[in-house]
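Each chain, written out:
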Amino acid sequence: MLYKLERNYYCMHKTRLLLILILLSLLAGCGNRGIPVIKQEILDQKMSVLMLSSSGLSASAKDVLGQTLKSWRDANSIAYDWVKDLNALDDNVVSKLKSKSYDYIYVVGNELFPSANEKMALGATTSKWTFLQSQPFAEGSAVTVNEQASLLQLDSQQMDAMKNKAIQDLLFQNVVIEWVTQSDRPIPSAWAPSEEADHIVLLNNNQWFQQLTFQVHQHHAAWVIFYSPVSEDQLQKAKSLGVSVIDFSGALTADLNWTQIFDNRLAMMKTHAWQKGIQNYNTQELKELKMK
């Protein structure tokens, strides 16, 4: 009887040990089958993006940008950093450029272009830079397009045609216009022929407002058009004369389809089709361009 009990105990102990070994084997196998192991080559292929966006972007554009980045991460495994509401590329951005390597850097908003130009020129990164124009260019926001840079912009010919039509419509109405500009930005002869030189005021002259006041009253002008970039204070001075005033350097506004713009950027990244140089927004990316 004692022998049988010892034998049964031995069998039970052996069976328990065998079950434990089988369980450990199964758990070890689940480490590979249940939790996928990412191969190094896949990690090496994972794209990374640094998104830099201007404080001047509309709320709707910022919403689209936030949703886009989450979609890029969740659906396309694109790692990203987003520095938003910038007025210029700051020390935080410089630190990221020095500490991390990004495949693509996006600069969204004209206001950021000058400082981004400077940082890109430092050569701290081999990333591909893409500048996305948010509105028609303002003075000083041009991009130096080099081997690392791509610029998406509004069609300059389309903008020039729209501005020209606006002026021609005014001229057709025989309204009297006084032009205000800088000496290095002459008024196109089709708008202000040489014989109408007395309808032009130069901002270089410290007495420009006194001169403008004199000419508005002398010519009974209905419009004052600033052809050169102008401050809000200068605009208000001109408006105090009781005439219609246009800042022609900022006379256009654009309604952009940011969802389509970023969808197209994603397609470009996935197919490795990034190209340096200047490109115009296409008809799907630009909803509307109009005079303010």
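Cut-offs applied
- Residues numbered from 1 in each chain as written.
- Predicted model: local features only at pLDDT ≥ 70, side-chain atom pairs only at ≥ 80, totals over all residues.
- Heavy atoms only, no water.
- Helix = DSSP H or I, 4+ residues; strand = E, 2+ residues; numbered from the N terminus.
- Buried < 20%, exposed > 50% of the residue type's maximum accessible area, 1.4 Å probe, protein only.
- Contact = heavy atoms within 4.5 Å.
- Pairing = 2+ DSSP bridges.
- Axes fitted to C-alpha atoms, helices over the stretch in contact; angles between N-to-C directions.

**Q** If you had to explain the environment of Trp-129 to someone new, which residues and values would you point to?
**A** Within the fold, Trp-129 resides in strand β4 (residues 128-132). According to the relative accessible area criterion, Trp-129 is buried, its value standing at 0%. With 22 residues separating them along the chain, Trp-129 and Leu-151 place their C-alpha atoms 8.5 Å apart. Excluding residues within four positions of it along the chain, Trp-129 makes contact with Leu-89, Leu-97, Ile-105, Val-107, Ala-116, Lys-119, Met-120, Gln-148, Ala-149, Ser-150 and Trp-274.

**Q** So what's going on with the sheet that holds strand β3 (residues 104-108)? Residues and values would help.
**A** Strand-to-strand pairing in sheets goes through backbone hydrogen bonds, with the strands running parallel or antiparallel. Pairing is parallel in the open sheet, where six strands are placed in the order β2-β1-β3-β4-β5-β11. What marks the edges here is a single partner per strand, and that holds for β2 (79-86) and β11 (277-280). Pairs of neighbouring strands in the sheet enclose a mean axial angle of 15°, with direction left out of account. Examined bridge by bridge, β3 and β4 share five bridges and lie parallel to one another.

**Q** Got a sec to walk through unusual backbone geometry? Specific residues and values, please.
**A** In this structure, Asp-85 takes a positive phi of about 55° despite not being glycine. Of note, Asp-85 is situated in strand β2. A relative accessible area of 41% places Asp-85 in the partly exposed class. Backbone geometry at His-220 places phi at a positive 55°, although glycine is not the residue there. Here His-220 is to be found in the loop between α7 (208-219) and β8 (223-226).

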